Amino acid sequence: MNRSEIIASARELIPTIIDPEVLAIYIGGGIARGELMPFSDCDIYIIAQKLKYQGGYSKEYKGIVFDLVYLTPQAIEQLIIQKDGGTIDCLRHAIILYDPHGIATSYQKTAQKFQMLTAEAQLQARQLLAFRLRNYVRAIRGYIAMGDLQSALYLVRHAFDTILIHKRLMRNDPLANQHKTTIRALRKIGDVEPNFYRLYMKGFNAQVTDVRIIIDLCQQLEAIRREIIYEGNRSN
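**Section: the nonpolar core**
Judged by nonpolar contacts, the single largest core of 21 residues is most densely connected at Ile-17, Ile-25, Ile-27, Ile-44, Ile-46 and Phe-66. When residues of this core are traced back to their parent elements, those giving at least two are α1 (3-17), β1 (22-28), α2 (29-33), β2 (42-48), β4 (64-71) and β5 (95-98). Per element, the largest residue contribution to this core is 6 residues, and it comes from α1. In this structure, Ile-17 is in contact with Val-22, Ile-25, Ile-44, Ile-46, Leu-68 and Tyr-70, ignoring residues within four places of it in sequence.

Below you can see the structure in the form of structure tokens.
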């Protein structure tokens, strides 16, 4: 299924999502950025006054997996104030599906005003990415220990999506070529990507029955985290 068909299917889901608490709905992630992968699902962000679900849930429709993520306006505004790179990148490229009050449009305009990363912000972004990857790896190993391989694979994909957002931010930064640390980190991610996709699809097609695939993917995430920390220390 191509990108336009996925977006059209997402629009068909809107009536089933809207309730009195919902303020806006938009598509984020790879679908919104036009980076469709063979195993891509569709991330739908729901801005609501009160959270119907803590975090969100997944829903399959027409053979597409939709990840529905619930956020309050306060949570998004706090992330914008903190200049959270993932949130800003998501809002910049968001495909807005429902926005009667103009809230999502307002957030998108704010996100588009942010300048590219400075050298200091790049360092902070790398440190934050390393911290997030450490937590992802711990959680993935916890799911493996419990035998919940489906949840482990789900977290693996989200961890790698976080890496790719970081890569996109660094790659598009006009200052990036001035920072050897950034270049090495990008190169490491580039080296891992093809094998990661191969392993992920192997796990996805096998319906996650082989724990060794998940462990291998987890080791790849850990290798990227260590590389980011190592290069960050070398640059200081």
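**Examining the packing of aromatic side chains**
With the rule as written, the count across this model stands at 1 aromatic pair. Centre to centre, the rings of Tyr-26 and Tyr-45 are 5.3 Å apart; their planes meet at 15 degrees, and the pair counts as stacked. Linking Tyr-26 in strand β1 with Tyr-45 in strand β2, this pair joins segments that are 19 residues apart in sequence.

**Some words on the environment of Ala-75**
With respect to the element layout, Ala-75 can be found in helix α3 (residues 73-81). Exposure remark for Ala-75: the relative accessible area of 28% places this residue in the partly exposed category. Separated by 28 residues in the primary sequence, Ala-75 and Ile-47 place their C-alpha atoms 9.4 Å from one another.

**What about helix α4 (residues 85-92)?**
The buried count for α4 comes to 6 of 8 residues, which makes it a mostly enclosed element. Every buried residue of α4 is listed here: Thr-87, Ile-88, Asp-89, Cys-90, Leu-91 and Arg-92.

**Remarks on the sheet that holds strand β3 (residues 56-61)**
The strand order across the open sheet formed by 5 strands is β3-β4-β2-β1-β5, and the pairing between neighbours is mixed. Each edge of the open sheet carries a strand with a single partner, namely β3 and β5. Looking at each pair of strands side by side, their axes are set apart by 25 degrees on average, direction ignored. Across 6 bridges, the pairing between β2 and β4 is parallel. Across the sheet, Ile-46 pairs through a bridge with Tyr-70, a residue of β4. Here α3 sits on the sheet in contact with β1, β2 and β4, set at roughly 110 degrees to β2.

**Thoughts on the pairing of β2**
Counting buried positions along β2 gives 7 out of 7 residues, so the element sits mostly inside the fold. What you see with β2 is no split at all: Cys-42, Ile-44, Ile-46 and Ala-48 on one side and Asp-43, Tyr-45 and Ile-47 on the other are buried throughout. Note: β1 against β2, 6 bridges, orientation antiparallel. Residue pairing across strands places Ala-24 opposite Ile-47, the latter belonging to β2.

**Focus on the pattern of salt bridges**
Think of it this way: side chains of opposite charge can pair up when their charged atoms draw near. Under the criterion given, the structure shown has 2 salt bridges. The shortest N-O distance in the salt bridge between Lys-62 and Glu-12 comes to 2.9 Å. Here Lys-62 is found in the loop between β3 and β4, whereas its partner Glu-12 is found in helix α1, with 50 residues between them in sequence. For Lys-62, a relative accessible area of 46% translates into the label partly exposed. Measuring nitrogen to oxygen at the nearest pair gives 3.7 Å for the salt bridge that ties Arg-33 to Asp-89. With Arg-33 in helix α2 and Asp-89 in helix α4, the pair connects residues that are 56 residues apart, well separated along the chain.

**Some remarks on helix α5 (residues 103-112)**
Residues Ile-103, Ala-104, Tyr-107, Gln-108 and Ala-111 constitute the buried set of α5. Down the axis of α5, the buried set is contained in an arc of 135 degrees. They therefore lie on one face.

**Considerations on the confidence of the model for the protein**
Of all residues in the protein, 69% attain a pLDDT of 70 or more, and the chain-wide mean is 76. When pLDDT is averaged over each helix and strand of the protein, the minimum, 58, is found for helix α8 (residues 180-205) and the maximum, 96, for β5. Below pLDDT 50 for its whole length, residues 174-178 participates in 10 contacts with residues either more than four positions away or in separate chains.

Scoring rules and cut-offs
Residues numbered from 1 in each chain as written. Predicted model: local features only at pLDDT ≥ 70, side-chain atom pairs only at ≥ 80, totals over all residues. Heavy atoms only, no water. Core = buried A, V, L, I, M, F, W, Y, C linked by side-chain atoms within 4.5 Å. Buried < 20%, exposed > 50% of the residue type's maximum accessible area, 1.4 Å probe, protein only. Helix = DSSP H or I, 4+ residues; strand = E, 2+ residues; numbered from the N terminus. Contact = heavy atoms within 4.5 Å. Phe/Tyr/Trp six-rings, centres within 6.5 Å; stacked < 30°, edge-to-face > 60°. Pairing = 2+ DSSP bridges. Axes fitted to C-alpha atoms, helices over the stretch in contact; angles between N-to-C directions. Salt bridge = Lys/Arg side-chain N within 4 Å of Asp/Glu carboxyl O. Arc of directions from axis to C-beta. pLDDT = per-residue confidence, 0-100.

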